[in-house]
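Listed below, chain by chain, are the residues.
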Amino acid sequence: MRDVAVVGYAQRQTSNFDGSPTMVELLVPVFQELYEKTGLNRSDIGFWCSGSSDYLAGRSFSFVQSVDAIGALPPVNESHVEMDAAWAMYEAWLKIQTGEVDTALVYGFGKSSAGTLRRTLTLQLDPLTMTPLWPDTVSIAGLQARLGIEAGLWSEEEMAEVVNRSLTDAEKNEYAIRKGGSSVADLLARPMYADPLRKHDCAPVTDGVSAVVIAAGDVARRLQERPAWITGISHSIDPLHLGARNLTESPSARAAGKGVDLDGVEIAELHAPFSHQEIILRRELGLDDDVRINPSGGALASNPMFTAGLNRVGEAAKQIWSGNATKVLAHATSGPALQQNLVCVMDGSN
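If you're wondering where the values come from, they're calculated on a predicted model, not measured in any experiment.

About the cut-offs
- Residues numbered from 1 in each chain as written.
- Predicted model: local features only at pLDDT ≥ 70, side-chain atom pairs only at ≥ 80, totals over all residues.
- Heavy atoms only, no water.
- Helix = DSSP H or I, 4+ residues; strand = E, 2+ residues; numbered from the N terminus.
- Contact = heavy atoms within 4.5 Å.
- Polar contact = N/O pair within 3.5 Å; in protein donor to acceptor, adjacent residues only side chain to side chain.
- Buried < 20%, exposed > 50% of the residue type's maximum accessible area, 1.4 Å probe, protein only.
- Arc of directions from axis to C-beta.
- Phe/Tyr/Trp six-rings, centres within 6.5 Å; stacked < 30°, edge-to-face > 60°.

With respect to the environment of R226
- Take R226: it is sitting in the loop between α9 (217-223) and β8 (228-237).
- Ignoring sequence-local partners within four residues, the contact set of R226 consists of I320, W321, G323, A325, T326 and G348.
- A distance of 2.6 Å separates the side chain of R226 from the backbone oxygen of I320, its partner in a polar contact.
- Of note is the side chain of R226, whose polar atom sits 3.4 Å from the side chain of T326.

Re the side chain of H331
- Relative to the helices and strands, H331 is located in strand β12 (residues 327-334).
- Among the residues examined, H331 registers a relative accessible area of 1% and is labelled buried.
- There is a polar contact of 3.0 Å between the side chain of H331 and the backbone nitrogen of H271.
- Setting aside its immediate chain neighbours within four residues, H331 contacts E269, L270, H271, L281, G309, R312, N341, L342 and V343.

Re helix α10 (residues 251-258)
- Of the positions making up α10, those classed as buried are S252, A253, A256 and G257. The buried residues of α10 occupy an angular sector of 135 degrees when projected down its axis, which confines them to one face.
- Next to the buried residues of α10 lie β8, α11 (275-285) and β13 (340-347).

Here we look at the packing of aromatic side chains
- Under the counting rule described, the total for this entry stands at three aromatic pairs.
- Both rings, one in Y90 and one in W93, keep their centres 6.1 Å apart while their planes meet at 25 degrees; by these two values the pair is stacked. Pair noted here: Y90 and W93 are both in helix α4 (residues 85-97), with a separation of three residues, about one helical turn.
- Under the relative-accessibility criterion, Y90 is labelled partly exposed at 23%.
- Ring pairs connect the aromatic residues F31, W48 and Y107, which therefore count as one cluster.

Take a look at the structure:
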């Protein structure tokens, strides 16, 4: 296996981007920022891979238009996944493992504000038995949260503690859409949104783009003083039908966690779009109480569709670059109620 590291990260997030559904206007400055941070230029990138959704953009092959941000000439080696860009990074990591390229730029984009997101995401459910009922994502998460509360697995107070910590940490994140903690009592006093969820228990609708550069071996060492070496990456998926699994658990997250070495993880960036889902993920991944969760604020502070998972990778890598941690975990999720999960462990030891 080739040594591969995350060596660059850039992002842009906003509550409502008034521009093209392809978000080229946001991608161009992000690419430029990565060029400046790494010292690379367009011709130095061996492979490009993106993550987005035609459903979200409302047009077929919308990702092709995003390639305008790369430039038309000379032609590039490019691919795309209809997933969060964290899965695009997985494809890019495999591409580097083949030995065909030494560098890859992975990017994702999503304009969630173009429609009613909680309704749009209903289209990811089983098309025969679930989609015709139009259960939206917030309602499904509410059912999941209620099941956990009634089973004694978590409480509304514990959910509020997750929110308060996340929004307090988000005060240091310039790209956070929602930030500023208050108190657990204040949060619990706010009205219900989708019982037992309050609005702060749900990730805010966010438009955004993000990108990372990954590189192999000596190339990574040249580009980054302290590369975030990818020592393990794994992903797994649960059945699509909601009645086929216990919603208070996430077997796919547990399976993905078993595929990597989580011993000694100091910081974990977990992609939990709802407060109770962080509690589920922490339990399924077996993270100790001394593991710091989401110092960036996580998805409760900003949750751009199809880049939020890649943001977890970038935010975790930043903790290694800054020297705040040596071993970190990044997590991404896709599908309803934590259906599909990816984990990536990075280490700053050379």
